[in-house]
Protein chains: 2
Amino acid sequence: MINQQDHILIVDDDRDIRNLLADYLEKQGLRCTTAADGREMKSALERHRIDLIVLDVMMPGDDGLTLCRNLRAGGGTQANTPVLMLTARGEDMDRILGLEMGADDYLPKPFVPRELYARIRAILRRTRALPPNMEAPAHAHSTELHFGTWRLDTIARHLIDTDGVVVPLSGAEYRLLSVFVAHPQSVLSRDQLMELTQGREADVFDRSIDLLVSRLRQRLRDSAREPALIKTVRNEGYVLAATVTAANGDKP
Amino acid sequence: MINQQDHILIVDDDRDIRNLLADYLEKQGLRCTTAADGREMKSALERHRIDLIVLDVMMPGDDGLTLCRNLRAGGGTQANTPVLMLTARGEDMDRILGLEMGADDYLPKPFVPRELYARIRAILRRTRALPPNMEAPAHAHSTELHFGTWRLDTIARHLIDTDGVVVPLSGAEYRLLSVFVAHPQSVLSRDQLMELTQGREADVFDRSIDLLVSRLRQRLRDSAREPALIKTVRNEGYVLAATVTAANGDKP
DNA sequence: TGCCCACGGATACGCAGCGATACAAAACCC
DNA sequence: GGGTTTTGTATCGCTGCGTATCCGTGGGCA
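The rules behind each value
- Residues numbered from 1 in each chain as written.
- Chains lettered and ligands numbered in written order.
- Predicted model: local features only at pLDDT ≥ 70, side-chain atom pairs only at ≥ 80, totals over all residues.
- Heavy atoms only, no water.
- Axes fitted to C-alpha atoms, helices over the stretch in contact; angles between N-to-C directions.
- Helix = DSSP H or I, 4+ residues; strand = E, 2+ residues; numbered from the N terminus.
- Parallel < 35°, antiparallel > 145°, perpendicular 65-115°, else oblique.
- Contact = heavy atoms within 4.5 Å.
- Nonpolar A, V, L, I, M, F, W, Y, C, P; charged D, E, K, R; others polar.
- Near = heavy atom within 4 Å.
- Polar contact = N/O pair within 3.5 Å; in protein donor to acceptor, adjacent residues only side chain to side chain.
- Buried < 20%, exposed > 50% of the residue type's maximum accessible area, 1.4 Å probe, protein only.
- Pairing = 2+ DSSP bridges.
- pLDDT = per-residue confidence, 0-100.
- Expected span 1.5 Å × (residues − 1).
- Arc of directions from axis to C-beta.

Student: What am I meant to see in the packing of helix H6 (residues 171–182) of chain A against helix H8 (residues 208–219) of chain A here?
Tutor: The relative placement of two packed helices is expressed as an angle between their axes plus a distance between the axes. All names here are of chain A. Interhelical geometry of H6 versus H8 gives an angle of 85° and a closest axis separation of 10 Å. The angle between H6 and H8 falls in the class roughly perpendicular. Contacts between H6 and H8 pair Ala172, Glu173, Leu176, Leu177 and Phe180 from the former with Leu212, Val213, Arg215, Leu216 and Arg219 from the latter. Per-class residue counts for the contact of H6 with H8 are seven nonpolar, no polar and three charged.

Student: Help me understand the protein's contact with DNA strand C, please; the structure alone is not making it clear to me.
Tutor: In the vicinity of DNA strand C lie 25 residues, with Arg207, Arg217 and Thr232 of chain A together with Arg207 and Arg217 of chain B positioned nearest. If you look at DNA strand C and keep only atoms within 4 Å of the protein, 63% of those are sugar or phosphate atoms. In this structure, threonine 232 of chain A approaches DNA strand C through a side-chain N or O atom, which is 2.7 Å from a phosphate oxygen. Taken together, the elements giving at least two residues each to the surface near DNA strand C come down to H8 and strand S10 (230–233) of chain A together with helix H8 (208–219) and strand S10 (230–233) of chain B. Taken together, the residues of the surface near DNA strand C sort by class into nine nonpolar, six polar and 10 charged.

Student: Help me understand the pairing of strand S3 (residues 52–56) of chain B, please; the structure alone is not making it clear to me.
Tutor: Side chains on a regular strand alternate between the two faces of the sheet. All names here are of chain B. Across the five residues that make up S3, a large majority, five, are buried. In S3, alternate side chains face the same way, and those of Leu52, Val54 and Asp56 on one face and Ile53 and Leu55 on the other are all buried. As judged from the four bridges shared by strand S1 (residues 7–11) and S3, these two strands associate in the parallel manner. If you follow leucine 9 over to S3, its bridge partner there is isoleucine 53. Alignment of S3 against strand S4 (residues 83–88), held across four bridges, turns out to be parallel. Following the sheet pairing, valine 54 is matched in S4 by leucine 84.

Student: So what exactly am I meant to see when it comes to the protein's contact with DNA strand D here?
Tutor: For DNA strand D, the set of nearby residues contains 21 residues, the closest of which are Ser170 and Arg225 of chain A together with Ser170, Arg215 and Arg225 of chain B. Taking the atoms of DNA strand D that fall within 4 Å of the protein, sugar and phosphate contribute 47% of them. A distance of 3.3 Å separates a phosphate oxygen of DNA strand D from a polar atom in the side chain of aspartate 206 of chain A. Serine 170 of chain B has a polar side-chain atom sitting 2.4 Å from a phosphate oxygen of DNA strand D. At the level of elements, H6 and H8 of chain A together with helix H6 (171–182) and H8 of chain B are the ones that each hand at least two residues to the surface near DNA strand D.

Student: Would you take a moment to explain the environment of isoleucine 160 of chain B for this structure?
Tutor: Residue and element names in this part refer to chain B. Secondary-structure assignment places isoleucine 160 in strand S8 (residues 158–160). By relative accessible area, isoleucine 160 is classed as buried at 8%. Spatially, the C-alpha atoms of isoleucine 160 and aspartate 94 are 21 Å apart, while their sequence positions differ by 66 residues. With residues near it in sequence (within four places) discarded, isoleucine 160 still touches Glu144, Thr149, Trp150, Arg151, Asp153, Val165 and Val166.

Student: For this particular structure, what's the right way to read the confidence of the model for chain A?
Tutor: Interpretation of the predicted coordinates at a detailed level should be avoided for regions scoring low in pLDDT. Model confidence for chain A is summarised by a mean pLDDT of 86, while 87% of its residues fall at 70 or above. Across residues 135–140 of chain A the pLDDT falls below 50, and counting only partners more than four positions away or on other chains, this stretch makes five contacts in the model.

Student: How do you make sense of H8 of chain A when you look at a structure like this?
Tutor: Side chains of residues three or four places apart in an α-helix project in the same direction, reflecting 3.6 residues per turn. Residues and elements named next belong to chain A. Taking 1.5 Å per residue, 12 residues should reach 16 Å; H8 reaches 17 Å between its end C-alpha atoms and fits that length. Listed as buried for H8 are Ile209, Asp210, Leu212, Val213, Leu216 and Arg217. End-on view of H8: buried residues confined to an arc of 165°, all on one side of the axis. Residues of H8 that are buried in the fold lie against H6, helix H7 (190–198), S10 and strand S11 (237–240).

Here is the structure:
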């Protein structure tokens, strides 16, 4: 498969700065997405697998500090994404890096893009190293997700039906299903699914997602004709038409 | 969590290093105490409420690993204090981070103080974030780790099944399994596994990890076709699909 | 209503990634 | 130093997943 690029999300209200930084970083071989405010940032985080966020402190509406704190506190799947904060000189650096905010580094303006790139690489190198086993015992979130008549065991990475029969999943199938259960009842385009499962973009006439959905439906014993779980939305994508409830898989 | 300064204990036999680090960290707003050996460390722990210990591995007398293990096993009030281990590159990183030793992170020398500060912040943030009452189990020093139907005896370095039958492991097999057990449910790439088990980089078409996994699966009586424990994630690596719990191996 | 046609389902097939076995080199052990 | 155990290399075969292709179908439009 391809050399998976790191994906940077740049959040800044100034359009020129956003584009300038994105252009520079892309020249250095990074992949970039931009967002103008907290709302766009949130939506970008839902649509892409982001490796690092560059966040401006000074912004109208929610400022960078607030956004960073919310990100960390939110507990979403991307709550631990590294953050590099862009600050004006003289701001309270300690607080930014401090425990409350939880940024991974900061860069005072003005700066040269080269410096930004260097810091991004440094942070990525650090975080790339294995996360030390912070969460040894039972995970905060649950290990079994119920939807329809199925349970998805997120530890064993397989399905269990009502009779307790285990249905194994391949790696790609598990990733795809994970994405669906993370976004139930919302239509996911092929681009989004591609992005969220593989972190890469789809070629123009890529049908691999269709095929994967087809294989997943077989696993779920869901027919394409009358799908109970994964419904096709013509010209748009697919939807998981079921409610997902979290339950911990503790056995008595 | 507010203005109360975090208090770091630096344990290193080299006086210059101790002072250098303490000065730097104090400039960053942390409070520091230093200790030259295990005895001083113990006494500092009795006299102060320490938030994090920076511990050098290489020391005359008791080395850092021993001190860390004793700290965890001792069961004192500070038995769960986070530990950041300073190591020479190529040391047995998986054991350091592993559940047996119970360090929270390590930093290979040489490093820049800034890096140390960043990691300290990261650890404090993580441990702060944990609910206050879930004490101990995370890092309780234990000689036996349970996962699936197996127990891993980390002293004898072998496996025990439900019937008490002992399955021996070779050195490489044990190291690999330790890494998996220290990072359950996360997909580990071949590069990471190579790094953590051997401390060296993989050649382009190195298949030694595959082979080792295969041998380990045999030991665990886990088939590659329908793996219950070590699952293959195509193009990515392997994942231990089980929860790991630390238990002390005391038998009634 | 009937035709068109684009979209998506299904099947076939190829390839690269992985599993397994055999064998060689290296390390270890009396 | 010879035998044993462990670990890496070479090779072959299988399979998961992607591409190619064909077919069913459903909606738009006259």
